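This is what each chain is made of:
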Amino acid sequence: MALHFDAAEFEARHARLMEKMAEEKLDAVLLFAQESMYWLTGYDTFGYCFFQTLIVKADGTMTLLTRSADLRQARQTSNIENIVIWVDRLNADPTLDLKNLLSEMDLLGCRIGIEFDTHGMTGRIARLLDNQLASFGQIIDASAIVSNLRLIKSPAEVAYARRAGELADDALDAALKIVAAGADEAEILAAMQGAVFAGGGDYPANEFIIGSGPDALLCRYKAGRRKLDTKDQLTLEWAGVSAHYHAAMMRTIVIGEPEFRHKELYNACAENIRAIEEVLRPGYTFGDVFDVHARIMDERGLTRHRLNACGYSLGARFSPSWMEHQMFYAGNTQEILPNMTLFVHMIIMDSDSGVAMTLGQTYLTTEGAPESLSRHSLDLLTA
């Protein structure tokens, strides 16, 4: 089997889930998030674009219900022993197969948790589940159970996160070698992604973000490439990825002499990250991190140009996003604990002046000060 962790690691994760299920008095959970299945069993696929679910009972037994295309995938990449196939056919309703399977597993009338808040759960699937299971048992939204367990990384997971950080640095190094007036965004993007692959890394859970000129103010990927002008700005957001574990980074590189506004916005970003490093530690919450971000930005008159979040938890994630559920936004009471991998980003998009500035990197939390997973400084980058 192509497992990235040893049996003891998976057993420890399984035990943590069993404890949580007992606390919630759940007889079973239906996992639809691919990262939950991967974390618990090693199962590695993009087959979650179709219907599939991992049923975990309170007695510890696990059964995967999936399509025939993923049968060998599950056998090769996971420790799941019991795999049941639903058959593709006209007007197929795999939730009926699921209900019959749950009945065979003596779960009729039981308290069943379901991961609803995941990309593996479409609106259509949710409606089909309601039709089949509404009267079958007591259905509970268990979207956060495994997600919260994944927040704290084990030593083995931290090792992958560190490697992801190294790959992210390698990607930036590759970009900096060619970023200059006249450089093609396509070549920059190819160099960055190529560096991750060459280092043994994986595809990221979402596309690398690249934009120059007016598009430097965008913080989502879009199609289309251009060449850099003699005076330009280039915004990059990317991640190193190792065994699906991500370490993200973000920079805006100024081509030519930086404008005063670039320097002004960079100073706000740098001051903000330094201040956040003081609260990115036990004793504070995710909401506290955002409050620092908002205060500094607002004091500098940047309220209209900042975002309403300034980072999030990272880990093993699958498309379409490398973001975990837990984010730095107002009022988030999630405590910061040791051994979290957290991406802090400063994003200032001044549409009035057409100037962009970003700065971000991934940290490993400790008992004290956070540790950057990047070897790069946070200095303003120019070319």
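Anything mentioned here points back to the structure above.
These figures come from a predicted structure and were not determined experimentally.

Chemist: Pulling in residues and values, what's your account of the packing of aromatic side chains?
Modeler: The full count for this structure, using the stated rule, is 11 aromatic pairs. Summarising the aromatic geometry, the rings of Phe-5 and Phe-10 are spaced 6.0 Å apart at their centres and angled 90 degrees between planes, so their arrangement reads as edge-to-face. For the pair formed by Phe-5 and Phe-10, the shared burial category is buried. Aromatic pair Phe-286 and Phe-328: ring centres 4.8 Å apart, planes at 45 degrees, arrangement tilted. With Phe-286 in helix H10 (residues 286–299) and Phe-328 in the loop between strand S10 (311–313) and strand S11 (341–350), this residue pair connects regions lying 42 residues apart in the sequence. Like Phe-286, the residue Phe-328 is buried in the burial classification.

Chemist: Tell me about the sheet that holds strand S3 (residues 62–66), residues and numbers included.
Modeler: Here we have six strands laid out as an open sheet, ordered S4-S3-S2-S1-S5-S6, and mixed in their pairing. Two strands close off the open sheet at either side, each with one partner strand: strand S4 (82–85) and strand S6 (138–141). Here the average twist between neighbouring strands, direction ignored, is 25 degrees. Sheet analysis places strand S5 (residues 111–114) next to S6, joined by four bridges and oriented parallel. Counterpart to Ile-114 in the pairing with S6 is Asp-141. Along the sheet face, helix H2 (residues 34–41) touches strand S1 (28–31), strand S2 (53–57) and S3 and points at about 50 degrees away from the line of S2.

Chemist: Quick rundown of H2? Include the residues and the values.
Modeler: The buried count for H2 comes to eight of eight residues, which makes it a mostly enclosed element. Listed in full, the buried residues belonging to H2 are Gln-34, Glu-35, Ser-36, Met-37, Tyr-38, Trp-39, Leu-40 and Thr-41. Just downstream of H2 lies Gly-42, where phi reads positive at about 90 degrees.

Chemist: Now, about the packing of helix H4 (residues 94–104) against helix H5 (residues 123–133): what can you tell me, with residues and values included?
Modeler: Orientation of H4 relative to H5, taken along the N-to-C sense of each, is 40 degrees, at an axis distance of 9 Å. One way to sum up the angle between H4 and H5 is to call them oblique. When the axes of H4 and H5 are compared, the crossing they make is right-handed. Listed contacts from H5 to Thr-95, Leu-96, Leu-98, Lys-99 and Leu-102 of H4 are Ile-125, Leu-128, Leu-129, Gln-132 and Leu-133. Residue classes in the contact of H4 with H5 are distributed as seven nonpolar, two polar and one charged.

What counts as what
- Residues numbered from 1 in each chain as written.
- Predicted model: local features only at pLDDT ≥ 70, side-chain atom pairs only at ≥ 80, totals over all residues.
- Heavy atoms only, no water.
- Phe/Tyr/Trp six-rings, centres within 6.5 Å; stacked < 30°, edge-to-face > 60°.
- Buried < 20%, exposed > 50% of the residue type's maximum accessible area, 1.4 Å probe, protein only.
- Helix = DSSP H or I, 4+ residues; strand = E, 2+ residues; numbered from the N terminus.
- Pairing = 2+ DSSP bridges.
- Axes fitted to C-alpha atoms, helices over the stretch in contact; angles between N-to-C directions.
- Contact = heavy atoms within 4.5 Å.
- Parallel < 35°, antiparallel > 145°, perpendicular 65-115°, else oblique.
- Left-handed = near helix turned anticlockwise from the far one by under 90°.
- Nonpolar A, V, L, I, M, F, W, Y, C, P; charged D, E, K, R; others polar.

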